[in-house]
Structures are given as C-alpha cells and as structure tokens.
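What follows is each chain in one-letter form.
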Amino acid sequence: MRIARFSIDGNVAFGAVEGSTAPGAEGELVLDIIKGIPFADFELSGTKVPLNKVRLLPPVLPNKVVAIGRNYAEHAAELGNEVPDVPITFFKPSTSVIGSGDPIAYPSFSQDLHHEAELAVVIGRMCREVPRERVKDVILGYTCANDVTARDVQQREKQWARAKGFDSSCPLGPWIETDLDPSDLTIQCTVNGEQRQLGRTSQMVRSIEDLIVHITEAMTLLPGDVILTGTPAGVGPLNVGDEVAVTIEGIGTLTNKVIKRG
C-alpha cells in the first residue's frame, strides 16, 4: 500500500494512493482517505479525492530523523573518506523535513549545496533493542529522501548539525510504500533532468537490519521516526533555480526546487 499525507481545504489527512504510477499508465491517481492513522489499525473510508486536487505533505512528521553516513563505499571514496568501522550516525531535526514539491531554501551560510539521494525507512511502532529477526516488524514502509548537505560547512565544522540540519534539508516523499523488498532497488537522482546519481540499495555496506539493530541499541525509535540509509556515489552541487528529483524503484519520485532563502 502507498500511504500519503496530504492537505485539502485546510484539513490534513492520510490516504491510500490508488492507481498506477508507471510511465504511460492510464487514469489518474486517487486517494482513499484513511480512517485513523497508519501507525495503528485503520480502515479505508471509501471517500476518494484525485491526487492532483490535494497538496502532498511530508508523509510523516518524525520525532527524529536518524541518518547514516558513508554507507556506500563509492560515495565514501568520492569524498576521500574510508568506510567506517561502525556506522556513522547523525540527526536531522524535525524542522528540516519538507515534502515533495516544497522548496529547498539555499542556506545563506553556504556556497556549496549538494544533493544526496537516499532510501528512507519509516518506523511503524515504538521499539528499542530490536533483534535482527524482528526488524521487519517495526518498519511501516519506505520513502524517498534527499539528505541535502552544505558540503563546505560539513568540511569545516566537526559536527554536522548545521551542514545537514538546516531548514528544508530533509525532503521526504512523495508517499510511504509499505509492501516493498528494499534489498536491491534502483536509486536515481536527476538535476534539471540530467542524471547525477545512479545506484542500487544492494550496494549498501550495512543492511537495513544492521542499521536498525545498531541504532536501537542506543535509543528508542517512535512511530513515524525516519532512518536515512546513506547515499550512492555521484553527489554534486545544487544551485538556486535547480529542480532535483530522487526516484526509487517501487516507490516513486520526490521532486523539489531550490530557491534563494528569503
């Protein structure tokens, strides 16, 4: 099931996306509004609205976004780094999250903004110290993410909080796909239609199971929390006016335009 969060006529709701997103597919996408929230038992209301009549919002409002650095060997190498012995974890605050179609505001303190296309894991239930065999039980689904990074700031500051946590630095969307095998999916990033990144989730140094076991050894994850699993090689600059799109096989496309911060 594809679950979207959206607003219409000033109201916010979740809905199940119906229809095909495949190129050339006939018919428009519609949302069957969900009774309740997707983190508990819910029913479809049968009330349907066309997707093009609503504004898509970030598919979740996470309490926290836990991100993983250097989880693709070629990406680590392209920035002159070694693959770490243990996963590098960092946070992106909830205020960094935006949805598909929302603008990325170029931070005033940076002159080198980069895109990083990533598979995001959405947590479905409160959990800690999750054993490997139970990892699938705590996952609601998967969505596209862009770990937008002020690269110059990241390189000169020891902590990555400003470089990766500024407002609008965490686009998520367009929706959550709950029925997906994430082990070998194509990840692509384009800027103004030109391909920049192309990789597969099978290239991850550490699997999603590894990451969730590692993270939950230290902290409790809450429903709606998001894990960013790392980016493949090909990261590069973004400029004001650019349109950046992250496409992940089996999920869809997350699109955002870069604007000058007002």
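Everything below is about the structure shown above.
Residues numbered from 1 in each chain as written. Predicted model: local features only at pLDDT ≥ 70, side-chain atom pairs only at ≥ 80, totals over all residues. Heavy atoms only, no water.

**Here we look at the sheet that holds strand E13 (residues 149-150)**
Read from one edge to the other, the open sheet built from 3 strands follows the order E13-E10-E18, with strand pairing classed as antiparallel. The open sheet has two edge strands with one neighbour each: E13 and strand E18 (236-238). The pairing of strand E10 (residues 113-115) with E18 spans 3 bridges and is classified as antiparallel. Note that in E18 the partner of Leu-113 across the bridge is Leu-238. (Pairing = 2+ DSSP bridges. Helix = DSSP H or I, 4+ residues; strand = E, 2+ residues; numbered from the N terminus.)

**Here we look at the packing of aromatic side chains**
Considering all chains together, one arrives at 2 aromatic pairs under this definition. A ring pair is formed by Phe-90 and Trp-160, whose centres lie 5.2 Å apart and whose planes are at 70°; its orientation type is edge-to-face. You can see Phe-90 sitting in strand E7 (residues 88-92) and its partner Trp-160 sitting in the loop between helix H2 (151-156) and helix H3 (161-165), a full 70 residues away along the chain. This pair shows no difference in class: Phe-90 is buried, exactly as Trp-160 is. Between Phe-109 and Phe-166 the ring centres are 6.2 Å apart and the planes differ by 80°, which places this aromatic pair in the edge-to-face class. With Phe-109 in the loop between strand E9 (104-106) and E10 and Phe-166 in the loop between H3 and strand E14 (170-177), this pair connects stretches of sequence that are 57 residues apart. (Phe/Tyr/Trp six-rings, centres within 6.5 Å; stacked < 30°, edge-to-face > 60°. Buried < 20%, exposed > 50% of the residue type's maximum accessible area, 1.4 Å probe, protein only.)

**Some words on the side chain of Arg-2**
Tracing the backbone shows Arg-2 in strand E1 (residues 2-8). Buried within the structure, Arg-2 lacks any salt-bridge partner; Glu-177 is the closest side chain of opposite charge, at an N-O distance of 4.5 Å. From its side chain, Arg-2 meets the backbone oxygen of Gly-19 in a polar contact 2.3 Å long. Sequence-distant contacts of Arg-2, that is, excluding residues within four places in its chain, are made with Gly-15, Ala-16, Val-17, Glu-18, Gly-19, Ser-20, Thr-21, Leu-29, Trp-175, Ile-176 and Glu-177. (Lys, Arg positive; Asp, Glu negative; His and termini not counted. Salt bridge = Lys/Arg side-chain N within 4 Å of Asp/Glu carboxyl O. Polar contact = N/O pair within 3.5 Å; in protein donor to acceptor, adjacent residues only side chain to side chain. Contact = heavy atoms within 4.5 Å.)

**Brief notes about the layout of surface pockets**
Unfilled space is identified by rolling a water-sized probe across the atoms. As a volume, the largest pocket reaches approximately 280 Å³. The wall of the largest pocket is formed by 16 residues, among which Tyr-142, Pro-182, Ser-183, Ile-208 and Glu-209 lie closest to the centre. Listing elements by their share of the lining of the largest pocket, those giving two or more residues are strand E12 (139-146) and helix H4 (208-216). At 3 residues, E12 tops the list of elements feeding residues into the lining of the largest pocket. Residues of the lining of the largest pocket, tallied by class, amount to 8 nonpolar, 5 polar and 3 charged. In this structure, the second largest pocket spans a volume of roughly 210 Å³. Contributing to the lining of the second largest pocket are 18 residues, with Arg-70, Leu-79, Arg-151, Gln-154 and Trp-160 lying nearest its centre. The element contributing the most residues to the lining of the second largest pocket is H2, with 3 residues. (1 Å grid on protein atoms, 1.4 Å probe; cavity = no way out; pocket = protein on both sides within 12 Å on 5 of 7 lines; lining within 4 Å. Points joined across faces, edges and corners; volume = space filled by probe spheres on them. Nonpolar A, V, L, I, M, F, W, Y, C, P; charged D, E, K, R; others polar.)

**Notes on the sheet that holds strand E20 (residues 252-260)**
In space, the 5 strands of this open sheet follow the order E9-E20-E19-E15-E16, with mixed pairing throughout. Since the sheet does not close on itself, it has two edges, and those belong to E9 and strand E16 (194-200), each with one partner. Averaged over neighbouring strand pairs, the angle between their axes works out to 20° when direction is ignored. Where strand E15 (residues 186-191) meets E16, 6 bridges bridge the pair, whose relative direction is antiparallel. Bridge assignment links Ile-187 to a residue of E16, and that residue is Gly-199. (Axes fitted to C-alpha atoms, helices over the stretch in contact; angles between N-to-C directions.)

From the geometry alone we can't say anything about function, so treat these as descriptive.
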